[in-house]
Amino acid sequence: SDVSQFDLPLMDVLLYGPKHINIDEDDEDAHDEEEEKAESEAVTQTPHMGNGVSGYIFPVQSESQTKRLRYAQVLREHKDLWSSRAYLDLIPQDAHWIERRPRLCHASVAAHAALLDNFQIPDRAFQYRHVIEEALDLFHTWRKWPLHDEAHGWKFKAQKEDMKIYSHAVDGEAVDIIKGEATMPYSTPVVAGVLVHPHHRRKWDEKIDELVKVEQCTPYSSVVYLSVKTPTIFITYRDMVALVFVYAFPDGSVLIGSRSIEHPKYPPKKTRVRANIYLNMWHVRPLYEGNIMHSKVTFYAHVSLGGSLPSWLVNEASVDLPSGILKVRQYIENVYRELHQPGMLYIPPWPLLKAMHVDIGWMDLQPQQTYDDADDSSGSGSSGSGDATADGDEKDVVQSSTQPQPQQQPHM
């Protein structure tokens with residue numbers, strides 16, 4: 001599951017099975033007391049995420065035997081967290097819960113840009129960790145390019161409905177980098193919950209021929225195999241093997257990315273042409289400068305389709321890649337009345353379900369952290385930086401009137 005609420009020792013339990021840990025029932029209270037003490041200390045060590053942020057690191061869950069066993073039991077009984085009773089029981093019975101106003105930490109364009117600038121991936125050392133680091137390096141470069149700057153940034157390419165599409169030519173590369181951005185009238189937990197869910201992906205993306213989860217690498221990343229259809233029988237289907245990663249943040253934002261890798265279980269096939277994903281990235285954040293019940297969605301894509309297709313044809317076709325934004329938006333509108341039901345949204349409990357006023361209990365990485373109740377009608381403007389430039393020189397509106405105290409946390 002693409003969730004973000006496991007510590008490093010716990011990752012090993014999820015990936016390789018529980019260790020032989022014996023817990024005397026008489027000692028459970030003592031373990032819980034130690035756990036609460038560790039969680040309390042972790043809260044006071046969480047870094048400030050607002051302006052002037054010195055760094056953002058995912059909080060570390062306390063290494064509690066009882067908690068490790070809880071997670072291990074969930075994974076033994078279910079194929080993933082999403083299908084477990086532990087997760088499904090978190091979903092409110094209220095049919096309107098997905099319409100709740102999210103409570104966020106430091107809801108502003110500038111604070112969000114600082115968070116991204118200082119984000120360090122929480123994944124343990126594993127075979128493909130460098131792939132995520134390379135992907136994020138590309139993302140940070142792309143998101144800071146100025147708009148309407150053909151020489152050094154994004155060239156305006158087209159507009160579909162309210163979605164603007166931009167391109168950037170790369171020296172030595174036949175295929176341009178593409179960017180599309182638009183807004184959705186849904187909160188980021190809802191948008192992310194649909195994007196992460198493979199059932200929905202197969203519904204809104206009609207080009208999907210085959211989608212297989214090959215293996216779970218860390219709680220934040222997995223390897224997938226993807227085969228996509230082509231518009232005519234004269235063009236061979238494309239396929240790819242990619243590392244997919246998901247990171248959700250307390251400011252309500254989410255990064256969902258993928259980058260091609262090689263994997264021994266899925267070598268190139270004679271019936272497919274192997275495509276290469278340099279990077280696909282969904283950057284979903286609340287509309288801080290407007291209504292945080294809405295989401296600003298930006299999609300970046302740099303993909304080589306392989307084969308012998310002419311570059312001009314590939315570049316023209318690549319302009320259609322960001323149309324996934326419009327497809328997802330329309331799809332959510334079509335199924336919105338069903339999304340409140342358990343199992344319909346894959347929303348990471350921490351921090352996004354918590355932001356939707358849901359008590360996530362023992363899954364909470366920061367149980368003493370209270371999110372700001374943002375009010376977009378009482379914010380004050382100030383100049384943004386970083387992402388603000390890439391977002392079209394938007395004004396930075398600080399949505400929350402109170403700020404959590406600056407805190408520090410050592411590197412994981």
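Parameters and conventions
Residues numbered from 1 in each chain as written. Predicted model: local features only at pLDDT ≥ 70, side-chain atom pairs only at ≥ 80, totals over all residues. Heavy atoms only, no water. Helix = DSSP H or I, 4+ residues; strand = E, 2+ residues; numbered from the N terminus. Buried < 20%, exposed > 50% of the residue type's maximum accessible area, 1.4 Å probe, protein only. Contact = heavy atoms within 4.5 Å. Areas by Shrake-Rupley, 256 points an atom, 1.4 Å probe, with all protein chains shown as cover. Pairing = 2+ DSSP bridges. Salt bridge = Lys/Arg side-chain N within 4 Å of Asp/Glu carboxyl O. Phe/Tyr/Trp six-rings, centres within 6.5 Å; stacked < 30°, edge-to-face > 60°. Lys NZ or Arg CZ within 6 Å of the ring centre and 35° of its normal. Axes fitted to C-alpha atoms, helices over the stretch in contact; angles between N-to-C directions. Parallel < 35°, antiparallel > 145°, perpendicular 65-115°, else oblique. Nonpolar A, V, L, I, M, F, W, Y, C, P; charged D, E, K, R; others polar. Left-handed = near helix turned anticlockwise from the far one by under 90°. Lys, Arg positive; Asp, Glu negative; His and termini not counted. Polar contact = N/O pair within 3.5 Å; in protein donor to acceptor, adjacent residues only side chain to side chain. Core = buried A, V, L, I, M, F, W, Y, C linked by side-chain atoms within 4.5 Å.

Enquirer: Where do I start with the overall build of the chain in this structure?
Expert: The secondary structure content of the chain amounts to 12 helices and 14 strands. Within the span of the chain, comprising 412 residues, buried residues form 55% of the whole. Nonlocal contacts in the chain, meaning residues at least 24 apart in sequence, comprise 70% of its contacts between residues at least 6 apart. By element, 48% of the accessible surface of the chain is carried by carbon and sulfur atoms, the whole surface being about 18,300 Å².

Enquirer: I keep staring at the pairing of strand β9 (residues 254–260) and nothing clicks. Help me out?
Expert: Sheet faces and side chains relate simply in a regular strand, where the side chains alternate between the two faces. With 7 of 7 residues buried, β9 lies mostly within the body of the structure. Of the two faces of β9, the one carrying Val254, Ile256, Ser258 and Ser260 and the one carrying Leu255, Gly257 and Arg259 are both buried. Relative to β9, strand β8 (residues 238–248) is paired through 7 bridges, and the arrangement is antiparallel. Paired with phenylalanine 245 across the strands is glycine 257, a residue of β9. Where β9 meets strand β11 (residues 276–286), 5 bridges bridge the pair, whose relative direction is antiparallel. Paired with valine 254 across the strands is valine 284, a residue of β11.

Enquirer: It is not clear to me how the pattern of salt bridges should be interpreted in this structure. Could you clarify?
Expert: Pairing between side chains of opposite charge can happen when the charged atoms of each approach one another. Within this structure, the stated rule accounts for 16 salt bridges. Measuring nitrogen to oxygen at the nearest pair gives 3.1 Å for the salt bridge that ties lysine 144 to aspartate 117. You can see lysine 144 sitting in the loop between α6 (129–143) and β3 (155–160) and its partner aspartate 117 sitting in helix α5 (residues 109–118), a full 27 residues away along the chain. By relative accessible area, lysine 144 is classed as partly exposed at 39%. Aspartate 117 gets classed as partly exposed once you look at its relative accessible area, which sits at 39%. Glutamate 181 is the salt-bridge partner of lysine 179, the closest N and O atoms lying 3.9 Å from each other. Side by side, lysine 179 and glutamate 181 carry an identical accessibility label, which is buried.

Enquirer: Would you mind showing me how to read the packing of aromatic side chains here?
Expert: What characterises a pair of aromatic rings is the spacing of the ring centres plus the angle enclosed by the ring planes. In this structure the tally under the stated criterion is 16 aromatic pairs. Ring plane angle 5° and centroid distance 4.7 Å describe the contact between tryptophan 82 and tyrosine 346, whose orientation is recorded as stacked. Here tyrosine 346 lies in the loop between α10 (324–335) and α11 (349–355) and tryptophan 82 lies in the loop between α3 (65–77) and α4 (85–88), a separation of 264 residues in the sequence. The class of tryptophan 82 is buried, set by a relative accessible area of 4%. Through a chain of ring-to-ring contacts, three or more aromatic side chains come together here, namely Phe119, Tyr220, Phe245, Tyr247 and Phe249. Stacked on the ring of tyrosine 166, the Lys or Arg lysine 179 has its end atom at 5.9 Å from the ring centre.

Enquirer: Hey, could you run me through the packing of helix α7 (residues 188–196) against α10 in this one?
Expert: Contact geometry of α7 with α10 gives a least axis separation of 11 Å together with a crossing angle of 105°. One way to sum up the angle between α7 and α10 is to call them roughly perpendicular. Between α7, through Val190, Val191, Val194 and Leu195, and α10, the contact on the second element is made entirely by Val328, Tyr331 and Ile332. The residue inventory of the contact of α7 with α10, partitioned by class, reads 7 nonpolar, no polar and no charged.

Enquirer: Please explain the packing of α5 against α6 as it appears in this structure.
Expert: Interaxial distance between α5 and α6 falls to 10 Å at its minimum, and their mutual angle equals 145°. With respect to the hand of their crossing, α5 and α6 are arranged in left-handed fashion. Here Ala113, Leu116 and Asp117 of α5 lie close against α6, whose contacting residues are Phe139, His140 and Arg143. Counted by class, the contact of α5 with α6 contains 3 nonpolar, 1 polar and 2 charged residues.

Enquirer: Looking at this model, I keep getting lost on the side chain of arginine 238. Mind explaining?
Expert: Structurally, arginine 238 is set in strand β8. Lacking a salt bridge, the buried arginine 238 has aspartate 239 as its closest oppositely charged neighbour, with an N-O distance of 8.0 Å. Separated by 3.0 Å, the side chain of arginine 238 and the backbone oxygen of glycine 306 make a polar contact. Non-local contacts of arginine 238, meaning those with residues more than four positions away in its chain, are made with Leu226, Ser227, Val228, Thr230, Arg272, Val273, Ala275, Leu305, Gly306, Gly307 and Leu309.

Enquirer: So what exactly am I meant to see when it comes to α5 here?
Expert: Residues that lie three or four places apart on an α-helix share one face, since the helix turns once every 3.6 residues. In terms of burial, α5 is a largely internal element, 8 of the 10 residues being buried. Within the sequence span of α5, burial applies to Val109, Ala110, Ala111, His112, Ala113, Ala114, Leu115 and Leu116.

Enquirer: What should I look at first to understand the nonpolar core in this one?
Expert: Burial of nonpolar side chains together is a common tendency in soluble globular proteins. Counting residues in hydrophobic clusters, the biggest one holds 51 residues, and the most contacted among them are Tyr87, Trp282, Ile332, Leu339 and Leu353. Excluding residues within four positions of it along the chain, leucine 353 makes contact with Tyr87, Leu90, Ile91, Trp97, Ile347, Pro348, Val358 and Ile360. Counting residues in hydrophobic clusters, the runner-up holds 33 residues, among them Leu116, Leu136, Trp145 and Tyr266.

Enquirer: Can you walk me through unusual backbone geometry in this structure?
Expert: What you tend to see is this: most non-glycine residues have negative phi, and most peptide bonds are trans. In this structure, the amide linkage connecting tryptophan 350 to the following residue, proline 351, adopts the cis form with an omega of 5°. As for its position among the elements, proline 351 is in helix α11. Phi is positive for histidine 106, close to 55°, though the residue is something other than glycine. Topologically, histidine 106 is positioned in the loop between α4 and α5. We classify histidine 106 as buried; its relative accessible area is 5%. For histidine 357, which is not glycine, the phi dihedral falls at a positive 70°.

Take it as geometry only, folks, not as evidence of what the structure does.
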